[in-house]
Amino acid sequence: MASRPESDSPSDQQLLAVLRALPHGLVVADATGSVTLCNPLAIELLDLPRQFHLTPYPAEALEHYLHSSDRRHDGDVMEFPGGRFVKLTRSSTPAGGNFILIEDVSAQVSQERARVQAESEYRSLFDNSVYGIYRDNLDGTPVRANPALAALNGYASEALHIEAVTKQPRNWYVDPARAEKFARIIKSKGRVKDLVSQVYRHRTGEKLWITESAWYVRDTEGKPIFIEGTLLDATERMANLEAIERQANFDSLTGAANRFRFLRRLDEATRPAMKDCVLFTIDLDHFKEVNDSVGHAAGDIILKDVASRLREIAGETGLVARLGGDEFAILDRGEGALAQSEVKAGRIVKALCQPIAAGGRSITIGASVGVAAFPGHAANAEDLLRKSDLALYEVKSAGRNGYQIYSSELHAVLKRQKHLERELRAAAEAQAFELHYQPIVDSATNRVTGYEALMRWNHPTLGSVPPDVFIPIAERAGLMTRLGAWVIGRACEDLALLPPGLRMGINVSANQFRSPDLFDHIASTVARTGIDPRCLVFEITESVLVSNADVARHLLERLRWLGAQIALDDFGTGYSSLSYLQKFPLTVVKIDRSFAAGMFEQKASRAVIRAIMGIGRDLDFEVIAEGVETKEQIAALAQLGCRFMQGYYFGKARPLSDVVTDLALSQMNVAAPARLPLALAR
């Protein structure tokens, strides 16, 4: 083998310069099989030994080197350690030898592998996605459809789906306006995002709901050539939302409008530009006694029958509402409503005096009806409601089972209410109230986890005044801030006397929330009593959040910073509860008592409870069911995933002394009184 000369002739130098400038490696073998030329890049790319600087070199040695076990071949592409790939291209020389061109293709191989991997991943997503994925021509004819979309339309495969949709094109949207909206949005914006529509399942014509997003696929010049999109079956979600929205506006037991819907309609009807309307407020006479004697199931039948009779009387122009318990209302806005108000009030009384079949018996109840008109008797919704209530109160005072239309003489009744308000102010000054505590129970362990503090007023001459009587008066009189501050202070003091770990629920009214000193009062009370703020649960209703959302959010965030929990009370009865779960720092949701009461009679009640439990799991809320009164309700709620409960089954609200006694007995493993079948939460 000849050695390389110490110096090169000019022609050799030019050749070396050319070889060094080549963008690829080059190996040349002569007709005898010896390597006569090998440029530096070839040595580098092939990771050749240093002796390749010497020529000629046996081609067999080169071939043996390239085919050694640590090099992988893929056709003409060779892989070297470290992820480097080279491509060998052989061609013959005129003299019978061979050129071998060596090209570094590492980047191309890497890109190809990435493309194959991406294509595999896309195929996996396309085939396994729970979302329906499609590609259509601009005229709507299908090009691709993944298995989820084929199944959504009732077909077993993409091929069957495309064949059926192509041969038998049908309207996709139930409402043709949705197709127009889809086309308008995608043409103007180039994409559609989360469009909720009702569509037809192609094979069966069955209706279902979907959430759809779509976009244009464009060519290199930006011209649309396809439409791609994804969609998800939203039928179950829409059914749950519909059930919740219905519960937000209608009473689950009777189907009548609930209080929130009624108050909105009342506000609309009494705006300055509106015409005459008449309000009938209706209380069933002695319903509580009848309900207690025949049972809650029969009582529910009575309430549903009453609502049905009221709807018949109200007709198409009147709104029937159940305001709570045995309280109903009719808002009549039709032409001639004022002239017919006395006749209609008489019809209501007569209809509700007719026997009702319930609990295997024929039961007769009566009704008291108060009537007031706008604008004749009142200037706004609040005034109309108050004067209708005054007329109702007069009927009850006169012996019930009748009706009364508001008149100026009823101002005497208003005076009596004013007297009660003065008494209430004096009681607030003297702090002549008590707190009773109702247990909240973990039904899985039958242990008390906490209590809700409930206010009681024992009047020296009137006796026990129900909260539903004095709380509204306190609200109207502006006393709730003072009373609420007292409740917070006393509840925290009493909590300090209870075993550690028990939680205390404290109701906070909308009026309290407007007090700028509320947070400071709570913080100072926590510091004074030494309680763990994490054991405090402030219970609020939608009215708190509606009154001033920004102020409410700021205060709730400060309370959460302090460590306290925030519970949304009476959940499911308002008209925008779902939005509150996202907007406010809530931690506990209390399902309104009407759902537990109606879960065996109303399928929707169970659906709403199930939906609320799902929301609670997804958003990490604790869920408490209120109004639990029977073992059957406990079992059904537990089956739906509800663990924490509150209601008469576990105990009524009782004084602190009774609570402390029962907890002490429980700790001593002494049988507690039958009225509290519970153990202490540990």
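Every value quoted in this text rests on a predicted model; they were computed, and no experiment measured them.

1. Some thoughts on a nonpolar patch on the surface
A cluster of nonpolar side chains, namely Val130, Tyr131 and Leu232, defines an oily patch on the protein surface of about 280 Å² accessible area. Of note, Tyr131 is situated in the loop between α4 (106-128) and β8 (132-137).

2. Some words on the pattern of salt bridges
The tally for this structure, following the rule as stated, stands at 23 salt bridges. Notably, a salt bridge pairs Glu158 with Arg144, separated by 2.6 Å at the nearest N-O pair. Of this pair, Glu158 sits in helix α6 (residues 158-167) while Arg144 sits in strand β9 (residues 142-145), and the two are 14 residues apart along the sequence. Its salt-bridge partner being Asp662, residue Arg654 comes within 2.7 Å of it at the nearest N-O pair. On the accessibility criterion, Asp662 (3% relative accessible area) is buried. Several salt bridges converge on common partners, so that one network encompasses Glu452, Glu539, Lys590 and Glu626.

3. Some details on the nonpolar core
Where a protein is soluble and globular, its nonpolar side chains tend to be buried together. Counting residues in hydrophobic clusters, the biggest one holds 83 residues, and the most contacted among them are Met504, Leu536, Phe538, Ile540 and Leu586. With eight residues, the single largest contributor to this core is helix α16 (residues 480-496). Judged by nonpolar contacts, the second largest core, of 34 residues, contains Val306, Ala307, Phe328 and Val371.

4. Notes on helix α18 (residues 518-529)
For α18, which comprises 12 residues, the first-to-last C-alpha distance of 16 Å matches the rise-based estimate of 16 Å (1.5 Å per residue) to within 8%. Taken together, the buried positions of α18 are Leu518, Phe519, Ile522, Thr525, Val526 and Thr529. Viewed along the axis of α18, the buried residues span an arc of 130 degrees, placing them on a single side of the element. With respect to the buried face of α18, the exposed residues turned more than 90 degrees away are Ala527 and Arg528. Elements in contact with the buried residues of α18: α16, α17 (510-513), β24 (536-540) and α20 (549-562). Count one or two residues on from α18 and you reach Gly530, which has phi positive near 75 degrees.

5. Some remarks on unusual backbone geometry
In this chain, Phe374 is followed by Pro375 through a cis amide linkage whose omega measures 5 degrees. Look at Gln431: it is not a glycine, yet its phi comes out positive at around 50 degrees. You can see Gln431 is positioned in the loop between α14 (411-430) and β20 (434-442). With phi around 60 degrees, Asn446 is a residue other than glycine that occupies positive phi space.

Conventions we followed
Residues numbered from 1 in each chain as written. Predicted model: local features only at pLDDT ≥ 70, side-chain atom pairs only at ≥ 80, totals over all residues. Heavy atoms only, no water. Patch = residues over 30% accessible without salt bridge, like charges linked within 9 Å, V, L, I, M, F, W, Y side chains within 5 Å. Areas by Shrake-Rupley, 256 points an atom, 1.4 Å probe, with all protein chains shown as cover. Salt bridge = Lys/Arg side-chain N within 4 Å of Asp/Glu carboxyl O. Helix = DSSP H or I, 4+ residues; strand = E, 2+ residues; numbered from the N terminus. Buried < 20%, exposed > 50% of the residue type's maximum accessible area, 1.4 Å probe, protein only. Core = buried A, V, L, I, M, F, W, Y, C linked by side-chain atoms within 4.5 Å. Expected span 1.5 Å × (residues − 1). Arc of directions from axis to C-beta. Contact = heavy atoms within 4.5 Å.

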